[in-house]
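Per-entry structural report
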Amino acid sequence: MRDVSVIGAGMVRFGKQPDKTLAEIAWPAVKQAIDDAGVSKPEIEAAWCGTALGGMMSGQRILKAVGLTGLPIVNVENACSSSSSAFREAWIAVAGGLYDVALVIGVEKLTRFGGGTLPLEREDFEVAHGMTMPALYGMRAKRYMHDYGLTPEQLAMVAVKAHDHGALNEDAQYRNRITVDEVMAARPIADPFTLLHCCPSGDGAAALVIAADSVAGRYSGKPVRVLASELASGKYMTGFRDMTTPEITVRGAKKAYEMAGVGPEDVDVAEVHDAFTIAELLYYEALGFCERGDAAGLLEDGETSLGGRIPVNPSGGLLSKGHPIGATGAAQMVEIVRQLRGECGGRQVEGARVGLTHCTGGGISGFDHGACSIHIFRN
Amino acid sequence: MSETVHAEPPLIAGAAVRMEEDGRPTLIGSECADCATRIFPPTALCPECMGEEMSPVPLGRSGRLYSYCTVHVAPRGWSVPYIAGYVDLPEGVRVFTHVVDAAERQLSMEMEVELTTAILGTDGDGEAFSSYAFRPRQPVSDDA
């Protein structure tokens, strides 16, 4: 396999844009990534578009707008991991030598569904019996609180940290700082979560241009090397499982670190899938940033805030930056690429050299998650 | 136009629940004739060995509450708030369920719960529907 780097990154501010089409939401991100890379359109040989709910031919609809057509376009659906999975497919094709330059898009327009919880697959038995994503994470949180003594105040601090970071990100859906008291007093969604424990619904897009290292030097975009590109599906279990540790992330992280030749101690900055407050704490442990049961301590000590040992979600994460499902994986990568290039201004992690993205999701009975994709980058 | 009048709201769990003559529900899983894997809800194919000889197997009526939470926001039709939970049955099967006849503060992890049925919401035509549910096995106190 050849070495591959990201040479262009772009995204649009996440938020509610009900009056725009999917293509209108996405094309500015695509144009920004292409301009950032300094490639000409004919040099892009193939494109992958990740979207969970964008509908048929999302990639074609978007690339029609920028006049990039005729090339192979593949649309990828893997729930919240849609565009991180799309990135991996593009990476495989470039690393394998089929193409030198490829485009990855992540996009979603959730406002087309109105408000409320994410629409899940009704054929699933648990969904048909009233399972929702907040309920699933709520049960994880309740069990973790029981097993490890996590307090509601500590859980609320995850959201406070997310908003502290998001306030510094002009692409974030919510840029307001919040307090623990405000988190705990917000409207209840699924115990122990109030509205501010849950990622918002919204629209958005992000895009990346990747290239084989052998040609990356031809373009103006400052390359960021892909050290690991990893994708796993959940392990289906018919019986009991420990809901306080996400086995799919534990398994994926081990493989990603092996592929990258680095360990969790080498990671300078990470974007993890904080769809709900508890999730971020579970992922500190699953990704090896701390031991089982120590996540709240890591957070309280400020180690995962900007200025700490391992800043997590400097972008504001899903909780503050927003979570347009299919756009999230690509947007996490845009943030890490910008961090590793030193372009993040007030939220820059000083001296960051190794960055990690972690994107997981898909509520299906019998799985932790349907899919999980982990990528590791180095400048 | 004919009208169907239900003496009891229809159960939405299909083959996964059976009503006994005494009016009590039984959860039905399936068991693989080749590798003895038990699974809920019942399936036609064993996900462990791909065996197709799956027999319906009645599951125990009581189990332990693995986790639970009160759901305040749910898709249209569900009667909110409700308590969602996972119950671990003696057969080694975990069942997603609604927990009824108790407030969340009256529940605890690993509490013994037993099977019942309950009205859980209304369908698109405004008709009530029901399904299996679990409730605390011992009476709960108000000041718990």
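Residue numbers restart at each chain and count upward from 1, following the sequence in its written direction. As they are written, the chains are lettered A onward and the ligands numbered 1 onward, keeping that order. Residues qualify for local features only when their pLDDT is at least 70, as the model is predicted, and side-chain atom pairs are given and counted only at 80 or more; totals for whole chains, interfaces and linings, by contrast, use all residues.

The way it works is that DSSP assigns letters per residue, a run of H or I at least four long becomes a helix, a run of E at least two long becomes a strand, and they are numbered from the N terminus. Secondary structure assignment for chain B yields zero helices and nine strands. Starting at the N terminus and walking to the C terminus, you meet the elements of chain B as β-β-β-β-β-β-β-β-β. Over its C-alpha atoms, taken along the principal directions, chain B stretches across nearly 50 × 45 × 30 Å. In chain B, buried positions account for 31% of the 144 residues. Counting contacts in chain B only where the partners sit at least 6 residues apart, residues at least 24 apart contribute 48% of the total. Working definition of burial: number of other C-beta atoms within 10 Å of the residue's own, with buried at 20 or more, exposed at 12 or fewer, and partly exposed in between, all C-beta atoms being placed from the backbone. The contact rule is simple: place each C-beta atom from the backbone, and if two of them lie within 7 Å, those residues are in contact.

All names here are of chain A. In this scheme, strands are said to pair when DSSP sees at least two bridges between them. Spatially, nine strands are ordered β3-β2-β4-β7-β1-β8-β11-β10-β9 in an open sheet, and the strand pairing comes out mixed. Looking along the sheet, the strands with just one partner apiece sit at the ends: β3 (73-76) and β9 (269-271). Direction aside, neighbouring strands of the sheet carry axes that sit 25° apart on average. Where strand β8 (residues 224-233) meets strand β11 (residues 371-378), eight bridges bridge the pair, whose relative direction is antiparallel. Among the inter-strand pairings, Ala228 is bridged to a residue of β11, identified as Ile376. Here the axes come from fitting lines to C-alpha atoms, over the contacting stretch only for helices, and the angles between their N-to-C directions go from 0 to 180 degrees. Along the sheet, helix α13 (residues 328-341) contacts β1 (4-11), β2 (46-50), β4 (101-109), β7 (203-212), β8, β9, β10 (354-361) and β11; its crossing angle with β10, the most-contacted strand, is approximately 170°.

Attention shifts here to the packing of helix α1 (residues 22-37) of chain A against helix α2 (residues 58-65) of chain A. Residues and elements named next belong to chain A. For the pair α1 and α2, the least separation of the axes is 8 Å and the interaxial angle reads 65°. Of the two possible hands of crossing, α1 and α2 adopt the one that is right-handed. Side by side, α1 and α2 meet where Leu22, Ala23, Ala26, Trp27 and Val30 of the first sit next to Ser58, Arg61, Ile62, Lys64 and Ala65 of the second. A class-by-class count of the residues in the contact of α1 with α2 yields seven nonpolar, one polar and two charged. Crossings are assigned a handedness: left-handed for a near helix turned anticlockwise from the far helix by less than a right angle, right-handed for a clockwise turn. Lys, Arg, Asp and Glu make up the charged group, whereas Ala, Val, Leu, Ile, Met, Phe, Trp, Tyr, Cys and Pro make up the nonpolar group; the residues left over, Gly among them, are polar.

A word on the interface of chain A and chain B. In this assembly, 26 residues from chain A lie in contact with 29 residues from chain B. Those elements that provide at least two residues to the side of chain A that touches chain B are α4 (125-128), α5 (133-148) and β5 (188-190) of chain A. When residues of the side of chain A that touches chain B are assigned to their parent elements, the largest contribution, seven residues, is made by α5 of chain A. Partitioning the side of chain A that touches chain B into residue classes produces twelve nonpolar, ten polar and four charged.

Turning our eyes to something else, we now look at the environment of Thr179 of chain A. Residue and element names in this part refer to chain A. Residue position: Thr179 is located in the loop between α6 (152-166) and α7 (180-185). Taking the C-beta count within 10 Å as the criterion, Thr179 has 14 such neighbours and is therefore assigned partly exposed. Between the alpha carbons of Thr179 and Val104 there is a distance of 37 Å; along the sequence they are 75 residues apart.

With that settled, the discussion passes to the packing of α5 of chain A against helix α10 (residues 277-286) of chain A. Residues and elements named next belong to chain A. At a minimum axis separation of 9 Å, α5 and α10 run at an interaxial angle of 60°. The angle between α5 and α10 places the two elements in the oblique class. Between α5 and α10 lies a crossing of left-handed hand. Of the residues in α10, those touching α5 at Tyr137, Arg140, Ala141 and Tyr144 are Ile278, Ala279 and Leu282. Counted by class, the contact of α5 with α10 contains six nonpolar, no polar and one charged residues. Orientation is classified from the angle alone, with under 35 degrees giving roughly parallel, over 145 giving roughly antiparallel, 65 to 115 giving roughly perpendicular, and any other angle giving oblique.

What follows covers unusual backbone geometry. Most peptide bonds are trans, and most residues other than glycine sit at a negative phi. Of note, the amide linkage connecting Asp191 of chain A to Pro192 of chain A takes the cis form, showing an omega dihedral of 5°. Locating Pro192 of chain A in the fold gives a position in the loop between β5 and β6 (193-194). Between Val80 of chain B and the following residue, Pro81 of chain B, the backbone shows a cis peptide bond with an omega angle of -5°. Look at Glu110 of chain B: it is not a glycine, yet its phi comes out positive at around 70°. Its place among the elements puts Glu110 of chain B in the loop between β7 (94-99) and β8 (112-122).

Residue and element names in this part refer to chain A. Listed in full, the buried residues belonging to α2 are Ser58, Gly59, Arg61, Ile62 and Leu63. Residues of α2 that are buried make contact with α1, β2, β3 and β4. Two residues or fewer after α2 comes Gly67, characterised by a positive phi angle close to 70°.

Residues and elements named next belong to chain A. The domain boundaries assigned to chain A delineate domain 1 (4-113 + 203-224) and domain 2 (125-200 + 226-378). Counting residues at the interface gives 39 residues for domain 1 and 35 residues for domain 2. Counting residues per element, the ones that place at least two in the side of domain 1 that touches domain 2 are β1, α3 (82-95), β4 and β7. Looking at the side of domain 1 that touches domain 2, the element that brings in the most residues is α3, giving seven residues. The residue inventory of the side of domain 1 that touches domain 2, partitioned by class, reads 20 nonpolar, 14 polar and five charged. What counts as a domain boundary in this text is fixed by an automatic or database domain assignment.

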